[in-house]
Amino acid sequence: MKLTRRKAIIGGIIAGGVLGVGFWFARERDRLGHRTLFRVGPEEAGLNGWIKIKRDDTVVVAVPRAEMGQGVQTALAALAAEEMDARWDQVRVDDPPEHVVYRNVEILIDGLPFSPEESGAMVDMAHWAAGKFGGVLGVLATGGSTSVRDAWIPMRTAGAVARDLLLRAASRKSGVPVGELVVSDGEVRRKDGGRVARFGELLDQIEHLSAMPAPPLKKPSEFKLIGKPLPRLDIPAKVTGAATFGVDVRRPGLVYAAVMNAPTFGGAASGFTVKGSLPKGVEKIVVVPGGVAAIGSSWWRANKLLAEGIDVQWQAGPEPKLDSAGLWRRYEALLQDGKPALTRTRGTEPKPATTRPFEATYRAPYLAHTTMEPMNCTALVAERDGGKTVEIWMPNQSPTLMRLIAAKTADVAQADVTVHTTFLGGGFGRRAEVDLVRQAVTCALAMPGRPVQVLWSREEDIRHDYYRPMALARWRAELDTSGVAPKLVSVAKRQVAQSPTDQFPARTIGLPTQGKPEGNAVENPPYDFPYYRLDAIVAEGAVPVGFWRSVGHSHTAFFDESFVDELAHALKQDAVAFRRALLAGKPRHLKVLETVMRESGWGRPLPSGSGRGVALRASFGSIVAQVAEVAVANNALQVKRVTCAVDCGPVVNPAIVRAQMESGIVYGLSAALYGEITLADGAVEQSNFTDYDAVRLADAPAIDVHLVDSGSAIVGGIGEPGTPPIAPAVANAVFAATGKRLRSLPLKLV
Amino acid sequence: MISFTVNGQPARVEVEADKPLLWVLREDLAIVGPKFGCGVAACGACTVHVDGEAVRSCSVAVAGVAGKTVTTIEGLARGSATTLHAVQKAWIEQQVPQCGYCQPGFIMATAALLKANAKPTDKDIDEALSNICRCGTYGAIRRAVHRAASLLAGGS
Ligand code: FES
Ligand code: FES
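Residues numbered from 1 in each chain as written. Chains lettered and ligands numbered in written order. Predicted model: local features only at pLDDT ≥ 70, side-chain atom pairs only at ≥ 80, totals over all residues. Heavy atoms only, no water.

## Points about the interface of chain A and chain B
As a reminder, the rule being used: By the convention used here, residues are in contact when the closest approach between their heavy atoms is within 4.5 Å. Note on definitions: buried area is the accessible-area loss of two parts on being combined, 1.4 Å probe, summed for both. Whenever Lys or Arg places a side-chain nitrogen within 4 Å of a carboxyl oxygen from Asp or Glu, that contact is recorded as a salt bridge. Side-chain atoms alone can form a polar contact between residues adjacent in sequence; in general such a contact is a pair of N or O atoms within 3.5 Å, and within protein one must be able to donate a hydrogen while the other accepts it. Strands here are runs of E lasting at least two residues and helices are runs of H or I lasting at least four, both read from the DSSP assignment and numbered beginning at the N terminus.
Contacts between chain A and chain B engage 57 residues on the former and 47 residues on the latter. Buried surface at the junction of chain A and chain B, summed over both partners, amounts to about 4,100 Å²; 60% is from carbon and sulfur atoms. In terms of surface lost to chain B, no three residues of chain A exceed Trp300, Met372 and Leu697 of chain A, which account for 21% of the buried area on that side. Linking chain A to chain B there are 4 salt bridges. Across the salt bridge formed by Arg301 of chain A and Glu16 of chain B, the nearest N and O atoms sit 3.0 Å from each other. At the junction of chain A and chain B, the tally comes to 26 residue pairs in polar contact (both at pLDDT 80 or more). The set of elements that each furnish at least two residues to the side of chain A that touches chain B consists of helix H7 (235-240), helix H8 (299-308), helix H12 (458-463) and helix H17 (654-673) of chain A. In terms of residue count, H17 of chain A provides more of the side of chain A that touches chain B than any other element does, 7 residues in total.

This is the structure we're talking about:
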């Protein structure tokens, strides 16, 4: 009964469908958490669920988000350290146990299929319900560039409450009234400067005190750590080789498993025959969801056996003949006559006497994530009191979901599953998926008492991903030609793609699909067009699609910003000036655009064969504009320099924001220049970095990032917003350099 | 039985002669600093030194290193007065790593480059470091390589 209700809520929220169902369920909860929550050891004292201190003065901050390179440990710890006035060199982070207070509410709000600028009862209700859902059900998740947005208030509150507790403990110990004490530089002092107590000296006092309601938070002008380029906490271990990623987990009795997945999407293994006997290093072959696994003391040997020494009987998936050309034909038909799953208009449609249409069609291919660390998960199934327990070690973006799936796969209660999240060698959205945990637990059930580390080869990773959707879009503008110069009358876009937010709940927790487009893919461009219309058509198909860094923005930014550029040229206007005119009511966007224009030297002459292109995209609460400078010679394209301006609201760590912009740009550039997953006979044609390449040092542009402060108090995300603008910026630069308009990704000159 | 030296210690392993060095290190010797990224010498995550030269250990059969000296990220600072090699120091100073998975490979490739070429140009760096970093830390890597070169030259 409960499960059914819960399912209905999840379905409603994630897919943005039926929203009323879960309201009875909602209850406000405190996100501070009890002092004992954060695994408090003997020489430690918990100050609340987020912060504990140690006898040696160390401050340990709970970071329930996955560190996949985005600096989340450093950023979140700085929020707590700021309010408690800790010294940065005494701060450490640790993974807390799973609990409802560590939920990520923002991620759910971001997944809704509404544009941030939209309001109205339906949208408010969805936001509200998502907040409740995140809270009540306790989703631990990292994604959607939401971590800092989610933690901004709760983490600082935890720090402020901790400071208050330390002051009262020091007062109790020293007899000095609380009003005369301050925390400064990681110890409690008298207001006139004399030390009263180190944090570690207050452990015993804290036991006797209870936390009081949160004191007021600091004003931004009082920040000492927030806004500084603090050194990252995770870096030392990452240069010595000591950092433990999922593949580095070593447990007593560990065995390895290599996997061969069914060649066609949605296929499965129905049986297998081993040629000859099992070689040394391989103990067992098992059928796992989606394929077969070879388990033994050597992954290398097991993987080789799968490639050479085994015949598998495959059951084909639903579309075993799928190929890229056929898919494009299907999409073109949908673009022509498909029924939109969502239509949105803005403004009233003007009807001048004489107009002429201006139209362009754009394409984006499927993309794989290729996280640097190949997909893996380690699982142990142990017997306990006649029942089973499951332990998981995994680089993952949602321990809540992993635990749920592990419990289902092993048929145990969720309370009997423990999930340890390791460092992630890249996430980019791929590590929110549950395929690996299913396979690892299946293998572990076949090897009771032994931890099994399932690892995919790079080939399996590229051929069995949850891809960035392939997408097709047609923009059409009407230009008023009655005057001397043509004028923009209206714009309309029809867009076809599969929907990851529709597929994800279906494949993870078995909900019915709802035919709704993914939220980021239907966000409106910020421009104040006289009239705007969007028709989003959801394609069906066997290819699994997922959340790829910046999700729908990654392709729609290319469609939208390429078309705006084309429009500017059609109307004989400068690409930046045209955008500025359409952004008159958007001061934050304007400031970002003007910054990138100034810093890139927009308009300054370049040698022939070179050009600049601009693109702007607001996503995940941040606004980013980029200017790419390219050189084209002998049909070879080189991206020389990228200037990037970003307004992400209050900046926690400017060094991390810069690094994330660079990272997002390089990730998006790899896709813009090389990324293309194609299909033949129902299977992916690419296999490794040899045919699915990435930008390397030699083709990495110089990148120059400028932080724009518009005074906004709203925290924006940084992990993803750097990615969307780069593809259109480069395409627009190629046009400026050569007069050639590239409307398909990846960008190919010949 | 194949014998070689790893990070100053003798290693003897009884494995197939064609087992790649990467997997011998990770599975048989529990040295997990060198990372698996592609298995086909295309990404550099598995880079180690064999007799001082950078090699992609996923594509070197262990038989090929018999009698030789292998150094991994764990042993890079060995023999220096401090616990970190100059390249590692420069990497921390420039705050290079993001997810960090590719970094042992880049650091090992850089250390070998600087041994052969004390003052590399940007072009030398592009050629020597053809590794992949999916997090896009290239700008920081370039700065850190130049910084490590100056640290090794006695700069402060
Ligand atoms: S794993 Fe060896 S080069 Fe990629
Ligand atoms: S730091 Fe993540 S792949 Fe390089």
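Let's pick the thread back up.
## Observations concerning the packing of helix H2 (residues 86-93) of chain B against helix H3 (residues 103-116) of chain B
Residues and elements named next belong to chain B. What counts, and what does not: In this analysis an axis means a line fitted to C-alpha atoms, helices contributing only their contacting stretch, and an angle means the value between N-to-C directions, from 0 to 180 degrees. Relative orientations are named as follows: roughly parallel for angles under 35 degrees, roughly antiparallel for angles over 145 degrees, roughly perpendicular for angles from 65 to 115 degrees, and oblique for any other angle. Note: crossing handedness is left-handed where the near helix turns anticlockwise from the far helix by less than a right angle, and right-handed where it turns clockwise. Following the grouping adopted for this structure description, the nonpolar residues are Ala, Val, Leu, Ile, Met, Phe, Trp, Tyr, Cys and Pro, the charged ones are Asp, Glu, Lys and Arg, and the polar ones are all others, Gly among them.
Two elements in contact, H2 and H3, have axes whose closest approach is 9 Å; the angle formed by their N-to-C orientations is 125°. Of the possible angle classes, the one that applies to H2 and H3 is oblique. Here H2 runs over H3; the crossing is right-handed. The residues of H3 that touch H2, namely those facing Val87, Gln88 and Trp91, are Gln103, Phe106, Ile107, Thr110, Ala111 and Leu114. In the contact of H2 with H3, the residues fall into 6 nonpolar, 3 polar and no charged.

## Quick word on the domain arrangement of chain B
Residues and elements named next belong to chain B. Rules: For the domains described, the bounds stem from an automatic or database domain assignment.
In terms of domain boundaries, chain B breaks down into domain 1 (2-76) and domain 2 (86-152). Each of domain 1 and domain 2 has a C-alpha centre, and these two points are 20 Å apart. Across the boundary between the two partners, domain 1 contributes 16 residues, which contact 13 residues of domain 2. Of the roughly 1,200 Å² buried between domain 1 and domain 2 on both sides combined, carbon and sulfur atoms contribute 63%. Linking domain 1 with domain 2 are 0 salt bridges. Remark: the boundary between domain 1 and domain 2 carries 6 residue pairs in polar contact (both at pLDDT 80 or more).

## Regarding the sheet that holds strand E5 (residues 69-71) of chain B
Residue and element names in this part refer to chain B. Using the following cut-off: We treat two strands as partners when DSSP finds at least two bridges between them.
Across the sheet, 5 strands lie side by side as E2-E1-E5-E3-E4; this open sheet has mixed pairing. The open sheet has two edge strands with one neighbour each: strand E2 (9-13) and strand E4 (53-56). Neighbour-to-neighbour, the strand axes of the sheet open up by a mean angle of 40°, direction not taken into account. Two elements, strand E1 (residues 2-6) and E2, share 5 bridges in a ladder whose sense is antiparallel. Residue pairing for E2: Ser3 is matched across the bridge by Arg12. Contacting strand E3 (47-50), E4 and E5, H3 runs over the sheet at an angle of about 35° to E3.

## Here's the deal with the nonpolar core
Our working rule: Residues enter a nonpolar core if they are buried and are Ala, Val, Leu, Ile, Met, Phe, Trp, Tyr or Cys, with the set joined through side-chain atoms within 4.5 Å. Partly exposed residues are those whose accessible area sits between 20% and 50% of the maximum for their type, while under 20% is buried and over 50% is exposed, using a 1.4 Å probe and protein chains only.
Of all hydrophobic cores here, the largest spans 172 residues; its most connected members are Tyr366 of chain A together with Trp91 of chain B. For this core, the element with the most residues is H17 of chain A, which contributes 10 residues. Beyond its immediate sequence surroundings of up to four residues, Tyr366 of chain A is in contact with Leu327, Tyr331, Tyr467, Arg468, Pro469, Met470, Gln498, Val543, Val545, Glu676, Ile677 and Leu679 of chain A. In this structure, Ala75, Leu79, Ala158 and Leu225 of chain A belong to the second largest nonpolar core, which totals 57 residues.

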